[in-house]
Amino acid sequence: MKILVTGGCGYIGAHTIIDLLDKGYEVVCIDNLSRSKSFVPDRIREVAGKDFTQFRIDLRDLPKLRTVLHDHQDIQGIIHFAAFKSVSESTRIPLIYYDNNLNANINILRIADEYQIKHFILSSSCSVYGNVQELPVKEDTPMSMPESPYGWTKLLSEEMIRAHAPNTETKCIALRYFNPVGAHPGGMIGEIPFSTPENLVPNITRTAIGLQDAITVHGTDYPTRDGSCVRDYVHVMDIAEAHRLALEYSMRKVDTDTRTMEVFNLGSGTGISVLELIHAFERVSDMRLSYTLGPRREGDVVAIYADNTKAKEVLGWECSRNIDDMMSTAWKWEQQMQKEGLSG
Ligand code: NAD
């Protein structure tokens, strides 16, 4: 079965292609390499030990997209990763985010329709929930408004699909990731930073390798297990596998159950505190991390984590990698990036 993966040279896309190739799928990838490196396709081939087809095309270019689909009319499913993803950048250049993320989404949906592709999976995000009042976050937890233009592009992408779903034969699924972290265990594929990383895990590994000074733990007096904030981290390989499981679920359902978009949370279900993550890093690396304990930071949410029951029960998904797997693979990748001069 042939699957079109958009944004497949990026962090989550590359891990997903490796998983798809490993499970016997054929892959066609479209990525304009705006946020990835040109060596990534070959690296994926090397890690997977299998070939796939990569086109350097911008998804906003509809005529070029059509030429790919014209030549690959046996594509049966689309996994749509391609988007810009930096929350802070999106507040600085919101129009570029709306242009890229929404026009890419519109074009890929049009293509799915024109070429009668049966299965469509969207990369969505926990940022669509905004600042929620109830924990754990369920798929039907009342949302407040997204807090950034990036979050809005994800919510609007979902809304477009929700409106479109009753009018198409394509079965549409949105996967809302919480915080994907870690890397492929081989240490040859991982997240390549295109600006200073905003997330905690790359900040920990960059501090450990000497790229930045000590990190600050913002707040140690919150009502959590150890006083620091709690977030939901999931190993990127678990996130990658969820896409294949969602495709397989869609294949079982497509003849009976289309016309609505289905949504799944991809989170661990429990949450990990900032200090737990730091201690896990120290455990797996056998190093002391340079960090300081600071006051609370304005705007930080105390805790957010997902209820993942639906993904478990309906897709058969499990978070099979633990916090040590997340930190040890993230550390291995940071060291590899330093060797290759990729750290940015
Ligand atoms: P990434 O930046 O590593 O990968 C995105 C890829 O899409 C890049 O290779 C980039 O070159 C490509 N791309 C962007 N715009 C394009 C366009 N117009 N045409 C063609 N290619 C284009 O990001 P990622 O971490 O792999 O995230 C993948 C998806 O998951 C994104 O949609 C993101 O919003 C979503 N997501 C990511 C996270 C996270 O923490 N990484 C969390 C929640 C949701």
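Provided above is the structure to which this section pertains.
So, a few notes on the structure that sits alongside this text. (Residues numbered from 1 in each chain as written. Predicted model: local features only at pLDDT ≥ 70, side-chain atom pairs only at ≥ 80, totals over all residues. Heavy atoms only, no water.)

1. As for the overall build of the chain
Worth spelling out the cut-off: The secondary structure listing takes helices from DSSP runs of H or I that are at least 4 residues long and strands from runs of E that are at least 2 residues long, numbered from the N terminus. Taken over C-alpha atoms, the radius of gyration is set against a globule rule of 2.2 Å times the number of residues to the power 0.38. Residue burial is assigned from relative accessible area. The probe radius is 1.4 Å, only protein chains are included, and a residue is buried under 20% of its type maximum, exposed over 50%, and partly exposed in between. The contact criterion used is simple: two residues touch if any of their non-hydrogen atoms lie within 4.5 Å. For the purpose of counting charges, residues Lys and Arg are taken to be positive, whereas Asp and Glu are taken to be negative. His and the chain ends are not included. Throughout, a charge is located at the NZ atom of Lys, the CZ atom of Arg, the CG atom of Asp or the CD atom of Glu.
Tallying secondary structure elements over the chain gives 11 helices and 13 strands in all. Over its C-alpha trace the chain gives a radius of gyration of 19 Å, about what one expects of a compact globule, namely 20 Å for 344 residues. Residues counted as buried form 57% of the 344 residues belonging to the chain. Summarising the internal contacts of the chain: among those between residues at least 6 apart in sequence, 81% fall at separations of at least 24. In the chain, 36 side chains carry a positive charge and 46 a negative one; their mean positions are 2 Å apart.

2. Structural notes on the packing of helix H1 (residues 11–22) against helix H2 (residues 40–48)
Operational definition: To obtain each axis, a line is fitted to C-alpha atoms, and for helices this fit is confined to the stretch in contact; angles are then taken between N-to-C directions over 0 to 180 degrees. Helix crossings fall into two classes, left-handed where the near helix is turned counterclockwise from the far one by less than a right angle and right-handed where it is turned clockwise. In this classification, Asp, Glu, Lys and Arg are treated as charged, Ala, Val, Leu, Ile, Met, Phe, Trp, Tyr, Cys and Pro as nonpolar, and every other residue, Gly included, as polar.
Packing of H1 against H2 leaves a shortest axis separation of 10 Å and a crossing angle of 35°. As for how H1 packs across H2, the hand of that crossing is right-handed. Residue-level inspection shows Ala14, Ile17, Ile18 and Leu21 of H1 in contact with H2, the latter providing Val40, Ile44, Val47 and Ala48. Considered class by class, the residues forming the contact of H1 with H2 number 8 nonpolar, no polar and no charged.

3. Quick word on the sheet that holds strand E5 (residues 119–125)
The line we're drawing: In this analysis, strands are considered paired if DSSP registers two or more bridges between them.
Read from one edge to the other, the open sheet built from 7 strands follows the order E3-E2-E1-E4-E5-E6-E11, with strand pairing classed as parallel. Strand pairing shows two members of the sheet lacking a second neighbour, strand E3 (53–55) and strand E11 (261–266), which therefore form its edges. On average, adjacent strands in this sheet sit at an angle of 20° to one another, irrespective of strand direction. Inspection of the sheet shows strand E1 (residues 2–6) paired to strand E2 (residues 26–30) by 5 bridges, in the parallel sense. Bridging from a neighbouring strand, threonine 6 pairs with isoleucine 30 of E2. Contacting E1, E2, strand E4 (75–80) and strand E6 (171–177), H1 runs over the sheet at an angle of about 160° to E2.

4. Observations regarding helix H6 (residues 149–164)
Our working definition: Take the number of residues in a helix, subtract one, and multiply by 1.5 Å to get its expected span.
With 16 residues, H6 ought to run about 22 Å at 1.5 Å a step, and its terminal C-alpha atoms sit 22 Å apart, in line with that. Buried within H6 we find Pro149, Tyr150, Gly151, Thr153, Lys154, Leu155, Ser157, Glu158 and Ile161. The secondary structure elements touched by the buried residues of H6 are helix H4 (87–92), helix H5 (94–114), E5, E6 and E11.

5. A few points about the site of the ligand
The condition that has to hold: Summary of the distance rule: residues count as near a molecule or strand when at least one heavy atom falls within 4 Å of that molecule or strand. Residues adjacent in sequence count toward polar contacts only when both atoms are side-chain atoms; beyond that, a polar contact is any pair of N or O atoms within 3.5 Å, and within protein one must be able to donate a hydrogen and the other to accept it. The method behind every accessible area is Shrake-Rupley, applied with a 1.4 Å probe, and residues are considered shielded solely by the protein chains displayed.
The local shell around the ligand holds 28 residues, among which Asp31, Phe81, Lys85, Tyr150 and Lys154 are the closest. Contacts to the ligand include arginine 35, whose backbone N or O atom sits 2.9 Å from an oxygen atom. Here leucine 59 contributes a backbone N or O atom positioned 3.0 Å from a nitrogen atom of the ligand. Burial of the ligand by the surrounding chains reaches 95%, relative to a free accessible area of 830 Å². Those elements that place two or more of their residues in the shell around the ligand are H1, E5 and H6. Top contributing element to the shell around the ligand by residue count: E5, with 3 residues. Each residue belonging to the shell around the ligand can be placed in one class, and the counts come to 14 nonpolar, 9 polar and 5 charged.

6. What about the packing of aromatic side chains?
The criterion, for reference: Within 6.5 Å between ring centres, the rings of Phe, Tyr and Trp (the latter by its six-membered ring) count as paired, and their orientation is classed by plane angle as stacked under 30 degrees, edge-to-face over 60, tilted in between. Whether a charge sits over a ring comes down to the Lys NZ or Arg CZ being within 6 Å of the ring centre and within 35 degrees of the ring normal.
All chains considered together, the criterion is met by 4 aromatic pairs. Ring centres 5.9 Å apart and planes at 85° place the aromatic pair tyrosine 249 and phenylalanine 264 in the edge-to-face group. Of the two residues, tyrosine 249 sits in helix H8 (residues 236–253) while phenylalanine 264 sits in strand E11, which places them 15 residues apart along the sequence. Of the residues examined, tyrosine 249 reaches a relative accessible area of 5% and is grouped as buried. Measuring from centroid to centroid gives 5.2 Å for phenylalanine 281 and tryptophan 331, while their planes differ by 85°, and the two rings are edge-to-face. Here phenylalanine 281, found in helix H9 (residues 274–285), pairs with tryptophan 331, found in helix H11 (residues 323–340); they are 50 residues apart in sequence, far enough to count as distant. Positioned over the ring face of phenylalanine 84 is arginine 35, at 4.2 Å from the centre of the ring.

7. What to know about empty space enclosed by the protein
How we decide: Both site types are read off a 1 Å grid over the protein atoms alone. A 1.4 Å probe that fits but cannot get out defines a cavity, while an open set with protein on both sides within 12 Å along at least five of seven lines defines a pocket; lining residues have an atom within 4 Å of a point. Grid points are joined across faces, edges and corners, and a volume is the space filled by probe spheres set on the points.
Tallying each qualifying case throughout the model produces 1 cavity of 30 Å³ or more. What the largest cavity holds in volume is close to 50 Å³. Along the walls of the largest cavity sit His80, Phe81, Ala82, Ala83, Asn101, Asn105, Leu122, Lys154 and Ser157, which together make up its complete lining. Listed by contribution, the elements that provide at least two residues to the lining of the largest cavity are H5 and H6. Class assignment for the residues of the lining of the largest cavity results in 4 nonpolar, 4 polar and 1 charged.

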